[in-house]
Amino acid sequence: MPVALITGITGQDGSYLCELLLSKGYTVHGLVRRTSNTVRSRLDRLFNDKEIYDKRLFLHYGDLDDVTTIRRVLMKTQPDELYHLAGQSHVGLSFEIPESTCQFTAMGTLRLLEIIRDMEKRPRLLHISSSEVFGRPDHSPQNELTPMRPVTPYGVAKTFATQMVQVYRDAFDCFACNAICYNHESPRRGESFVTRKITRAAAAISLGLQSTLSLGALDARRDWGDAQDYVEVMWRMLQQPVADDYVIGTGQTHSIEEFLSFAFEHVGLNWRDYVVIDAKFIRPTDVADMCGDPSKAKRVLEWQPKGDCRQLAERMVDHDLAAMRTQKSN
Ligand code: GDP
(Lines give C-alpha, C1' and ligand atoms only; values in the text may rest on other atoms or scores of the structure.)
Protein backbone atom coordinates (compact mmCIF):
# COMPACT_ATOMS: atom_id res chain seq x y z
CA MET A 1 0.00 0.00 0.00
CA PRO A 2 1.46 3.41 -0.93
CA VAL A 3 2.04 5.85 1.90
CA ALA A 4 1.29 9.58 1.65
CA LEU A 5 2.00 12.47 3.98
CA ILE A 6 -0.17 15.58 3.65
CA THR A 7 0.76 18.91 5.24
CA GLY A 8 -2.37 20.98 5.77
CA ILE A 9 -4.59 17.90 5.96
CA THR A 10 -7.32 19.73 7.91
CA GLY A 11 -7.81 22.37 5.19
CA GLN A 12 -10.20 22.33 2.23
CA ASP A 13 -7.79 20.65 -0.18
CA GLY A 14 -6.13 18.47 2.46
CA SER A 15 -9.43 16.93 3.50
CA TYR A 16 -10.52 16.16 -0.08
CA LEU A 17 -7.09 14.78 -0.94
CA CYS A 18 -7.14 12.61 2.18
CA GLU A 19 -10.48 11.11 1.12
CA LEU A 20 -9.22 10.56 -2.42
CA LEU A 21 -6.02 8.80 -1.31
CA LEU A 22 -7.85 6.61 1.20
CA SER A 23 -10.27 5.58 -1.56
CA LYS A 24 -7.25 4.57 -3.66
CA GLY A 25 -5.90 2.34 -0.88
CA TYR A 26 -3.19 4.64 0.50
CA THR A 27 -2.11 4.87 4.10
CA VAL A 28 -2.37 8.58 4.86
CA HIS A 29 -0.40 10.58 7.41
CA GLY A 30 -1.34 14.17 8.11
CA LEU A 31 0.72 16.94 9.61
CA VAL A 32 -1.32 19.33 11.74
CA ARG A 33 -0.41 22.48 13.58
CA ARG A 34 -0.35 22.20 17.34
CA THR A 35 -2.87 24.86 18.29
CA SER A 36 -5.30 24.87 21.16
CA ASN A 37 -8.27 24.76 18.80
CA THR A 38 -7.24 22.76 15.77
CA VAL A 39 -10.20 22.78 13.38
CA ARG A 40 -10.82 19.24 12.23
CA SER A 41 -14.45 19.46 11.26
CA ARG A 42 -13.71 18.71 7.61
CA LEU A 43 -12.29 15.32 8.62
CA ASP A 44 -14.82 14.48 11.36
CA ARG A 45 -16.36 11.62 9.43
CA LEU A 46 -12.98 9.92 8.99
CA PHE A 47 -11.94 10.46 12.62
CA ASN A 48 -15.09 8.75 13.77
CA ASP A 49 -14.59 5.79 11.45
CA LYS A 50 -12.92 3.05 13.52
CA GLU A 51 -11.81 1.19 10.38
CA ILE A 52 -9.88 4.25 9.23
CA TYR A 53 -8.61 6.47 12.00
CA ASP A 54 -5.38 5.19 13.54
CA LYS A 55 -5.48 2.27 11.11
CA ARG A 56 -5.00 3.89 7.70
CA LEU A 57 -5.13 7.56 8.68
CA PHE A 58 -2.72 9.00 11.23
CA LEU A 59 -2.14 12.54 12.47
CA HIS A 60 1.15 14.04 13.60
CA TYR A 61 1.62 17.38 15.25
CA GLY A 62 4.23 19.69 13.79
CA ASP A 63 4.54 23.31 12.69
CA LEU A 64 6.29 24.20 9.46
CA ASP A 65 8.92 26.18 11.42
CA ASP A 66 9.73 23.19 13.64
CA VAL A 67 12.38 21.43 11.56
CA THR A 68 13.32 18.75 14.05
CA THR A 69 9.75 17.57 14.40
CA ILE A 70 9.06 17.63 10.68
CA ARG A 71 12.23 15.66 10.02
CA ARG A 72 11.19 13.10 12.64
CA VAL A 73 7.72 12.73 11.10
CA LEU A 74 9.20 12.21 7.64
CA MET A 75 11.74 9.68 8.91
CA LYS A 76 9.11 7.80 10.86
CA THR A 77 6.43 7.70 8.17
CA GLN A 78 8.77 7.25 5.13
CA PRO A 79 6.11 8.44 2.67
CA ASP A 80 6.17 7.59 -1.02
CA GLU A 81 4.37 10.84 -1.77
CA LEU A 82 4.41 14.14 0.10
CA TYR A 83 1.64 16.64 -0.62
CA HIS A 84 2.64 20.03 0.73
CA LEU A 85 -0.57 22.03 1.05
CA ALA A 86 0.04 23.83 4.35
CA GLY A 87 0.77 27.51 4.74
CA GLN A 88 -0.88 30.84 5.44
CA SER A 89 -3.29 30.75 2.51
CA HIS A 90 -5.16 34.04 2.78
CA VAL A 91 -3.94 36.78 0.42
CA GLY A 92 -5.73 39.61 2.27
CA LEU A 93 -4.31 38.49 5.61
CA SER A 94 -0.79 38.38 4.15
CA PHE A 95 -0.76 42.20 4.16
CA GLU A 96 -1.35 42.10 7.94
CA ILE A 97 1.12 39.31 8.72
CA PRO A 98 3.72 39.31 5.92
CA GLU A 99 6.54 37.92 8.03
CA SER A 100 4.74 34.83 9.29
CA THR A 101 3.27 34.34 5.80
CA CYS A 102 6.85 34.08 4.51
CA GLN A 103 7.93 31.95 7.47
CA PHE A 104 5.33 29.29 6.77
CA THR A 105 4.68 29.56 3.05
CA ALA A 106 8.19 30.31 1.76
CA MET A 107 10.62 29.02 4.37
CA GLY A 108 8.33 26.12 5.33
CA THR A 109 8.66 24.78 1.78
CA LEU A 110 12.42 25.22 1.73
CA ARG A 111 12.71 23.31 5.02
CA LEU A 112 10.77 20.39 3.58
CA LEU A 113 12.94 20.39 0.45
CA GLU A 114 16.07 20.36 2.58
CA ILE A 115 14.87 17.34 4.56
CA ILE A 116 13.86 15.46 1.40
CA ARG A 117 17.21 16.19 -0.20
CA ASP A 118 18.96 14.29 2.62
CA MET A 119 16.58 11.33 2.71
CA GLU A 120 17.76 7.94 1.53
CA LYS A 121 14.36 7.09 0.07
CA ARG A 122 13.06 10.43 -1.16
CA PRO A 123 9.32 10.95 -1.40
CA ARG A 124 7.83 12.53 -4.51
CA LEU A 125 6.79 16.07 -3.61
CA LEU A 126 3.74 18.01 -4.73
CA HIS A 127 3.80 21.69 -3.78
CA ILE A 128 0.58 23.61 -4.15
CA SER A 129 1.53 26.88 -5.77
CA SER A 130 -0.84 29.68 -6.68
CA SER A 131 -1.93 31.92 -9.54
CA GLU A 132 -0.84 34.77 -7.23
CA VAL A 133 2.73 34.14 -8.44
CA PHE A 134 1.77 35.78 -11.75
CA GLY A 135 0.64 39.02 -10.08
CA ARG A 136 -0.31 41.36 -12.90
CA PRO A 137 0.55 39.35 -16.01
CA ASP A 138 0.66 41.07 -19.37
CA HIS A 139 -1.31 38.34 -21.09
CA SER A 140 -4.31 36.17 -20.34
CA PRO A 141 -4.77 33.26 -19.89
CA GLN A 142 -1.53 32.44 -18.09
CA ASN A 143 0.44 29.24 -18.62
CA GLU A 144 3.57 27.55 -17.29
CA LEU A 145 5.79 29.98 -19.25
CA THR A 146 4.19 33.18 -17.91
CA PRO A 147 6.78 35.19 -15.90
CA MET A 148 6.21 35.34 -12.15
CA ARG A 149 5.64 38.94 -11.02
CA PRO A 150 3.83 38.75 -7.67
CA VAL A 151 2.18 41.86 -6.17
CA THR A 152 1.12 40.62 -2.71
CA PRO A 153 3.14 39.29 0.26
CA TYR A 154 1.40 35.94 -0.23
CA GLY A 155 2.33 35.96 -3.94
CA VAL A 156 5.97 36.75 -3.15
CA ALA A 157 6.14 33.92 -0.59
CA LYS A 158 4.55 31.47 -3.05
CA THR A 159 6.95 32.55 -5.79
CA PHE A 160 9.93 31.83 -3.54
CA ALA A 161 8.52 28.39 -2.71
CA THR A 162 7.64 27.61 -6.34
CA GLN A 163 11.07 28.56 -7.64
CA MET A 164 12.80 26.62 -4.84
CA VAL A 165 10.86 23.53 -5.90
CA GLN A 166 12.19 24.08 -9.43
CA VAL A 167 15.76 24.53 -8.12
CA TYR A 168 15.65 21.32 -6.06
CA ARG A 169 14.24 19.46 -9.05
CA ASP A 170 16.97 20.73 -11.39
CA ALA A 171 19.96 20.92 -9.05
CA PHE A 172 19.38 17.96 -6.72
CA ASP A 173 17.24 15.72 -8.90
CA CYS A 174 14.30 15.72 -6.47
CA PHE A 175 10.97 14.54 -7.89
CA ALA A 176 9.23 17.81 -7.03
CA CYS A 177 6.26 19.38 -8.82
CA ASN A 178 4.32 22.65 -8.60
CA ALA A 179 0.56 22.64 -9.06
CA ILE A 180 0.03 26.32 -9.94
CA CYS A 181 -3.59 26.40 -8.86
CA TYR A 182 -6.12 29.12 -9.55
CA ASN A 183 -8.82 29.75 -6.95
CA HIS A 184 -10.70 26.59 -6.14
CA GLU A 185 -13.81 26.48 -4.04
CA SER A 186 -16.21 24.06 -2.40
CA PRO A 187 -18.62 23.85 0.53
CA ARG A 188 -15.46 23.32 2.62
CA ARG A 189 -13.89 26.63 1.59
CA GLY A 190 -12.79 28.81 4.53
CA GLU A 191 -15.46 31.33 5.52
CA SER A 192 -13.28 34.41 4.95
CA PHE A 193 -12.77 33.71 1.23
CA VAL A 194 -15.10 35.74 -0.93
CA THR A 195 -17.05 32.84 -2.50
CA ARG A 196 -17.92 31.19 0.79
CA LYS A 197 -18.62 34.54 2.41
CA ILE A 198 -21.14 35.17 -0.39
CA THR A 199 -22.81 31.74 -0.33
CA ARG A 200 -23.14 31.81 3.46
CA ALA A 201 -24.63 35.30 3.30
CA ALA A 202 -27.10 34.33 0.56
CA ALA A 203 -28.22 31.37 2.68
CA ALA A 204 -28.40 33.38 5.93
CA ILE A 205 -30.24 36.32 4.35
CA SER A 206 -32.80 34.02 2.73
CA LEU A 207 -33.44 32.40 6.13
CA GLY A 208 -33.79 35.78 7.85
CA LEU A 209 -30.58 35.29 9.87
CA GLN A 210 -28.60 38.19 8.34
CA SER A 211 -29.56 41.49 6.72
CA THR A 212 -26.49 42.77 4.84
CA LEU A 213 -23.21 41.54 3.34
CA SER A 214 -20.06 43.69 3.56
CA LEU A 215 -17.55 43.23 0.75
CA GLY A 216 -14.56 44.99 -0.83
CA ALA A 217 -13.88 45.32 -4.57
CA LEU A 218 -16.55 43.71 -6.74
CA ASP A 219 -14.93 44.11 -10.13
CA ALA A 220 -12.05 41.64 -9.60
CA ARG A 221 -12.33 38.55 -11.76
CA ARG A 222 -11.22 35.06 -10.80
CA ASP A 223 -10.90 31.67 -12.42
CA TRP A 224 -12.90 29.64 -9.89
CA GLY A 225 -12.57 25.86 -10.11
CA ASP A 226 -13.85 22.95 -8.06
CA ALA A 227 -11.53 21.98 -5.17
CA GLN A 228 -12.39 18.27 -5.37
CA ASP A 229 -11.47 18.25 -9.03
CA TYR A 230 -8.13 19.96 -8.28
CA VAL A 231 -6.93 17.40 -5.73
CA GLU A 232 -7.46 14.68 -8.34
CA VAL A 233 -5.05 16.47 -10.67
CA MET A 234 -2.50 16.90 -7.85
CA TRP A 235 -2.48 13.12 -7.43
CA ARG A 236 -2.09 12.60 -11.19
CA MET A 237 0.94 14.88 -11.21
CA LEU A 238 2.82 12.54 -8.86
CA GLN A 239 2.00 9.47 -10.97
CA GLN A 240 3.88 10.81 -14.02
CA PRO A 241 7.26 9.43 -15.06
CA VAL A 242 8.80 12.92 -14.94
CA ALA A 243 8.33 15.73 -12.39
CA ASP A 244 7.00 18.97 -13.85
CA ASP A 245 4.91 22.09 -13.16
CA TYR A 246 1.32 22.50 -14.30
CA VAL A 247 -1.14 25.39 -14.37
CA ILE A 248 -4.44 24.18 -12.92
CA GLY A 249 -7.37 26.40 -13.83
CA THR A 250 -10.60 26.22 -15.82
CA GLY A 251 -9.71 28.80 -18.48
CA GLN A 252 -12.84 30.83 -17.61
CA THR A 253 -13.26 33.84 -15.34
CA HIS A 254 -16.16 35.50 -13.55
CA SER A 255 -16.38 38.74 -11.59
CA ILE A 256 -17.36 38.94 -7.92
CA GLU A 257 -20.62 40.53 -9.14
CA GLU A 258 -21.35 37.51 -11.31
CA PHE A 259 -20.66 35.14 -8.42
CA LEU A 260 -23.02 37.24 -6.28
CA SER A 261 -25.73 36.83 -8.95
CA PHE A 262 -25.22 33.05 -9.11
CA ALA A 263 -25.58 32.69 -5.34
CA PHE A 264 -28.38 35.16 -4.66
CA GLU A 265 -30.49 34.16 -7.70
CA HIS A 266 -30.42 30.61 -6.37
CA VAL A 267 -32.35 31.74 -3.29
CA GLY A 268 -34.59 34.11 -5.29
CA LEU A 269 -32.94 37.36 -4.14
CA ASN A 270 -31.19 40.31 -5.79
CA TRP A 271 -27.72 40.83 -4.25
CA ARG A 272 -27.87 44.59 -4.93
CA ASP A 273 -30.44 44.89 -2.14
CA TYR A 274 -28.03 43.55 0.49
CA VAL A 275 -24.38 44.22 -0.41
CA VAL A 276 -22.57 47.16 1.19
CA ILE A 277 -19.00 48.13 0.34
CA ASP A 278 -16.65 48.28 3.30
CA ALA A 279 -13.21 49.81 2.67
CA LYS A 280 -11.61 47.41 5.13
CA PHE A 281 -12.04 44.58 2.62
CA ILE A 282 -10.33 46.51 -0.19
CA ARG A 283 -6.71 45.38 -0.53
CA PRO A 284 -3.71 47.70 -0.90
CA THR A 285 -2.86 45.81 -4.11
CA ASP A 286 -4.87 43.10 -5.76
CA VAL A 287 -4.59 40.93 -8.82
CA ALA A 288 -7.37 41.97 -11.17
CA ASP A 289 -8.08 39.32 -13.77
CA MET A 290 -6.55 35.90 -13.37
CA CYS A 291 -7.24 33.14 -15.85
CA GLY A 292 -5.39 29.83 -16.04
CA ASP A 293 -4.66 27.98 -19.27
CA PRO A 294 -4.88 24.27 -18.36
CA SER A 295 -3.82 23.02 -21.84
CA LYS A 296 -0.69 21.26 -20.57
CA ALA A 297 -2.57 19.51 -17.74
CA LYS A 298 -5.25 18.44 -20.23
CA ARG A 299 -2.68 17.11 -22.67
CA VAL A 300 -0.20 15.40 -20.33
CA LEU A 301 -2.37 14.48 -17.34
CA GLU A 302 -5.50 13.78 -19.41
CA TRP A 303 -7.44 16.04 -17.09
CA GLN A 304 -10.60 17.92 -17.94
CA PRO A 305 -11.81 20.64 -15.51
CA LYS A 306 -15.32 19.77 -14.34
CA GLY A 307 -18.48 21.77 -13.85
CA ASP A 308 -19.24 25.44 -14.21
CA CYS A 309 -19.07 28.33 -11.78
CA ARG A 310 -22.83 28.81 -11.43
CA GLN A 311 -23.29 25.15 -10.47
CA LEU A 312 -20.43 25.43 -7.99
CA ALA A 313 -21.99 28.53 -6.37
CA GLU A 314 -25.37 26.79 -6.17
CA ARG A 315 -23.86 23.70 -4.58
CA MET A 316 -22.16 25.86 -1.96
CA VAL A 317 -25.40 27.77 -1.22
CA ASP A 318 -27.32 24.48 -0.88
CA HIS A 319 -24.74 23.21 1.59
CA ASP A 320 -24.87 26.41 3.64
CA LEU A 321 -28.68 26.44 3.62
CA ALA A 322 -28.82 22.86 4.89
CA ALA A 323 -26.24 23.53 7.63
CA MET A 324 -28.02 26.68 8.80
CA ARG A 325 -31.44 25.01 8.80
CA THR A 326 -30.04 22.20 10.98
CA GLN A 327 -28.45 24.72 13.33
CA LYS A 328 -31.67 26.73 13.50
CA SER A 329 -33.75 23.68 14.43
CA ASN A 330 -31.33 22.55 17.17
P1 GDP B 1 -7.81 35.22 -3.41
O2 GDP B 1 -7.94 35.37 -4.88
O3 GDP B 1 -6.97 34.05 -3.00
O4 GDP B 1 -7.40 36.47 -2.75
O5 GDP B 1 -9.28 34.80 -2.88
P6 GDP B 1 -10.38 35.63 -2.07
O7 GDP B 1 -11.62 34.80 -2.13
O8 GDP B 1 -9.89 36.00 -0.71
O9 GDP B 1 -10.57 36.98 -2.90
C10 GDP B 1 -10.98 36.98 -4.24
C11 GDP B 1 -11.25 38.41 -4.70
O12 GDP B 1 -12.40 38.90 -4.02
C13 GDP B 1 -10.12 39.40 -4.41
O14 GDP B 1 -9.95 40.23 -5.55
C15 GDP B 1 -10.67 40.24 -3.26
O16 GDP B 1 -10.15 41.57 -3.24
C17 GDP B 1 -12.16 40.25 -3.61
N18 GDP B 1 -13.03 40.54 -2.46
C19 GDP B 1 -14.00 41.50 -2.42
N20 GDP B 1 -14.59 41.53 -1.23
C21 GDP B 1 -13.98 40.58 -0.47
C22 GDP B 1 -14.16 40.15 0.89
O23 GDP B 1 -15.00 40.64 1.63
N24 GDP B 1 -13.37 39.13 1.32
C25 GDP B 1 -12.42 38.55 0.51
N26 GDP B 1 -11.69 37.53 1.00
N27 GDP B 1 -12.22 38.96 -0.76
C28 GDP B 1 -12.98 39.96 -1.25
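Before reading on, note that the structure itself is shown above.
Summary of the structure given here. (Residues numbered from 1 in each chain as written. Predicted model: local features only at pLDDT ≥ 70, side-chain atom pairs only at ≥ 80, totals over all residues. Heavy atoms only, no water.)

## Re the overall build of the chain
- Looking only at helices and strands, the chain has 11 helices and 13 strands in total.
- Its C-alpha atoms put the chain at 60 × 50 × 40 Å along the principal axes.
- Within the chain, buried positions represent 53% of all 330 residues.
- Contacts in the chain between residues far apart in sequence, at least 24 positions, make up 79% of those at least 6 positions apart.
- Accessible area for the chain stands at about 14700 Å²; split by element, carbon and sulfur atoms hold 48% of it.
- Taking the average place of the 40 positive charges on the side chains of the chain and the average place of its 43 negative ones, the gap between the two points comes to 4 Å. (Helix = DSSP H or I, 4+ residues; strand = E, 2+ residues; numbered from the N terminus. Buried < 20%, exposed > 50% of the residue type's maximum accessible area, 1.4 Å probe, protein only. Contact = heavy atoms within 4.5 Å. Areas by Shrake-Rupley, 256 points an atom, 1.4 Å probe, with all protein chains shown as cover. Lys, Arg positive; Asp, Glu negative; His and termini not counted. Charge placed at Lys NZ, Arg CZ, Asp CG, Glu CD.)

## Let's talk about the packing of aromatic side chains
- All told, the structure shown has 6 aromatic pairs when counted by the stated rule.
- In this arrangement the basic side chain of Lys-24 is found over the ring face of Trp-235, its NZ or CZ atom lying 3.8 Å from the centre.
- Seen from the ring of Tyr-16, Arg-188 lies directly overhead, with NZ or CZ sitting 4.1 Å from the centre. (Phe/Tyr/Trp six-rings, centres within 6.5 Å; stacked < 30°, edge-to-face > 60°. Lys NZ or Arg CZ within 6 Å of the ring centre and 35° of its normal.)

## Observations concerning the sheet that holds strand β3 (residues 57-61)
- Taken together, 7 strands build an open sheet; the order of strands is β3-β2-β1-β4-β5-β6-β11 and the sheet is parallel. Each edge of the open sheet carries a strand with a single partner, namely β3 and β11 (246-248). Ignoring strand direction, the axes of neighbouring strands in this sheet form an average angle of 20 degrees.
- Against the sheet, helix α6 (residues 153-172) touches β5 (124-130) and β6 (176-181), its axis set at about 150 degrees to β5. (Pairing = 2+ DSSP bridges. Axes fitted to C-alpha atoms, helices over the stretch in contact; angles between N-to-C directions.)

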